[in-house]
Amino acid sequence: MARKPLLAGNWKMNLNHVEAVGLVQKLAWTLEDKKHDPDKSEVVVLPPFTDLRTVQTLVEGDKLKLGFGAQDVSEHAGGAYTGDISAAMLAKLNCSYVTVGHSERRQFHGEDDALVNRKAKAALGAGITPIICIGEGLEIRQAGEHVPYTLTQLDGALDGLSAEQVAGLVIAYEPVWAIGTGEVATPQDAQEVCAAIRSRIGELHGPEVADQVRVLYGGSVKANNVAAIMAQPDVDGCLVGGASLVVEEFAAISRFYALPVI
Ligand SMILES: O=C[C@H](O)COP(=O)(O)O
C-alpha cells in the first residue's frame, strides 16, 4: 500500500500564539499559491501547547489544508501532575499527532523507553497518532552501533502494542548528532536506519504492518536536501525543526515532490 508522505514541523519552544497565527496563515497561503497537492504530502505543524487552541481555531475556521498536533503528552489520564497535559486534553483540541520521546525530552527530562511506551499508549488511547522519536548520539554512531541502539529504543517504545496499533504509528528516526547542527545524515544513512526500523516491525508484526507504518527522518532537513532524503524507499517523511519556522523553507520542504534530487 502507498504510504502518504508526512512533513511535520516541530516548532519546539518557539513562537507564541500570536506569532503562530502569522506563521500558519503564511504557510497555508504559500502552499495554496504554489498549488500544493495534498494528495502528494500531508503537512502538519507541532506548536507549543500554548498555541494549540489558536492553531486549531485557525485551521478549522479557515479550513486550511494543514494538520496539527503537540510535542509531548502525559502518560497519565489526569490528576495531580502539575504542568502536564493529558492525551484527552489534546484530543479535545482535535490534535491528530503528538511527538513522544523526542531526544530533547530524553536529554532534558530524563525520558526513557519505558516512559515513551506509556506515553505512546496514552496517545493511542485518546485516538491520537504518536510520532515516536528514536535515534542515536554521536558516540554510538562513531562506534558503529547506531542500528542496534535505535532498534532497542524501538522495541521499548512498541512494547505491548497490538499489530493494528503499530500499523498506524509514525516512527521518526532522528540521529541526535544531526539535530540543529546543520550536520545532516546522508540519504543513505537515513535509508539504512529507516529500512532497519521497518524490517524490525516486520519481524514483530509481519510484512503488512511493516508496509503500513510511516518512518520519518529528522535532523537538519532543509529545502536543499529534502528531495534526496525523500527519494529513499523507506523514508516516508521528515520531522523538521529549525526549517519549519521559516515559511518559505517549510513550504518548499512540504512540496519536496516538486524539487530536483540533488
Ligand atoms: O524534531 C525535529 C528535529 O529535532 C530536527 O531539528 P532540526 O531540523 O532543527 O535539526
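Keep in mind that what you see is a predicted model, and the values were worked out from it rather than measured.

Chemist: Just to check I follow, could you spell out helix H7 (residues 146-158) for this structure?
Modeler: Since the α-helix advances by 3.6 residues per turn, residues separated by three or four positions end up pointing in the same direction. For H7, with 13 residues, the first-to-last C-alpha span of 18 Å sits near the 18 Å given by 1.5 Å per residue. Taken together, the buried positions of H7 are His146, Val147, Thr150, Leu151, Gln153, Leu154, Ala157 and Leu158. All buried residues of H7 lie within an arc of 155° about the axis, which places them on one face of the element. One or two positions beyond H7, positive phi appears at Gly160, with a value near 80°.

Chemist: Before we go on, may I ask you to explain the sheet that holds strand S1 (residues 6-10) in this structure?
Modeler: Pairing between the strands of a sheet is mediated by backbone hydrogen bonds and can be parallel or antiparallel. Spatially, S1-S2-S3-S4-S5-S6-S7-S8 is the arrangement adopted by the 8 strands of the closed barrel, whose pairing is parallel. Each neighbouring strand pair of the sheet contributes to a mean axis angle of 25°, computed without reference to strand direction. Strand direction decides the pairing type here: S1 and strand S8 (residues 237-240), joined by 4 bridges, are parallel. The partner of Gly9 across the bridge, within S8, is Val240. Along the sheet face, helix H2 (residues 52-61) touches strand S2 (42-46) and strand S3 (67-70) and points at about 165° away from the line of S3.

Chemist: Got a minute to help me understand unusual backbone geometry in this structure?
Modeler: Peptide bonds are mostly trans, and most non-glycine residues show a negative phi. One non-glycine residue, Leu15, lies in positive phi territory at about 75°. Looking at the secondary structure, you find Leu15 in the loop between S1 and helix H1 (17-33). The class of Leu15 is partly exposed, set by a relative accessible area of 24%. The backbone of Ser220 shows a phi angle near 55°, a positive value even though the residue is not glycine. With respect to the helices, strands and loops of the structure, Ser220 is situated in the loop between strand S7 (214-218) and helix H11 (226-230). A residue is classified by how much of its surface remains accessible, and Ser220, at 10% relative accessible area, is buried.

Chemist: Is there a simple way to think about the UniProt feature "active site" (unreviewed entry) in the protein chain in this case?
Modeler: Within this numbering scheme, the UniProt entry marks His102 and Glu174 as carrying the feature "active site" (unreviewed entry). Separation in sequence by 73 residues is not matched in space for these annotated residues, since their most distant C-alpha atoms are only 8.4 Å apart. Considering the arrangement of structural elements, one finds His102 in the loop between strand S4 (97-100) and helix H4 (103-109). Under the relative-accessibility criterion, His102 is labelled buried at 5%. In contact with His102, not counting residues within four places along its chain, are Asn10, Lys12, Cys133, Glu174 and Ile179. Among the polar contacts listed, one links the side chain of His102 to the backbone nitrogen of Glu104, at a separation of 2.9 Å. Its place among the elements puts Glu174 in the loop between strand S6 (170-173) and helix H9 (187-205). Glu174 has contacts with His102, Ile134, Gly135, Glu136, Ile179, Gly218, Gly219 and Leu239, leaving out every residue within four places of it along the chain. One polar contact links Glu174 to His102, side chain to side chain, over a distance of 3.1 Å.

Thresholds applied
Residues numbered from 1 in each chain as written. Predicted model: local features only at pLDDT ≥ 70, side-chain atom pairs only at ≥ 80, totals over all residues. Heavy atoms only, no water. Helix = DSSP H or I, 4+ residues; strand = E, 2+ residues; numbered from the N terminus. Expected span 1.5 Å × (residues − 1). Buried < 20%, exposed > 50% of the residue type's maximum accessible area, 1.4 Å probe, protein only. Arc of directions from axis to C-beta. Pairing = 2+ DSSP bridges. Axes fitted to C-alpha atoms, helices over the stretch in contact; angles between N-to-C directions. Contact = heavy atoms within 4.5 Å. UniProt positions renumbered as here; feature names shortened; annotations may be inferred. Polar contact = N/O pair within 3.5 Å; in protein donor to acceptor, adjacent residues only side chain to side chain.

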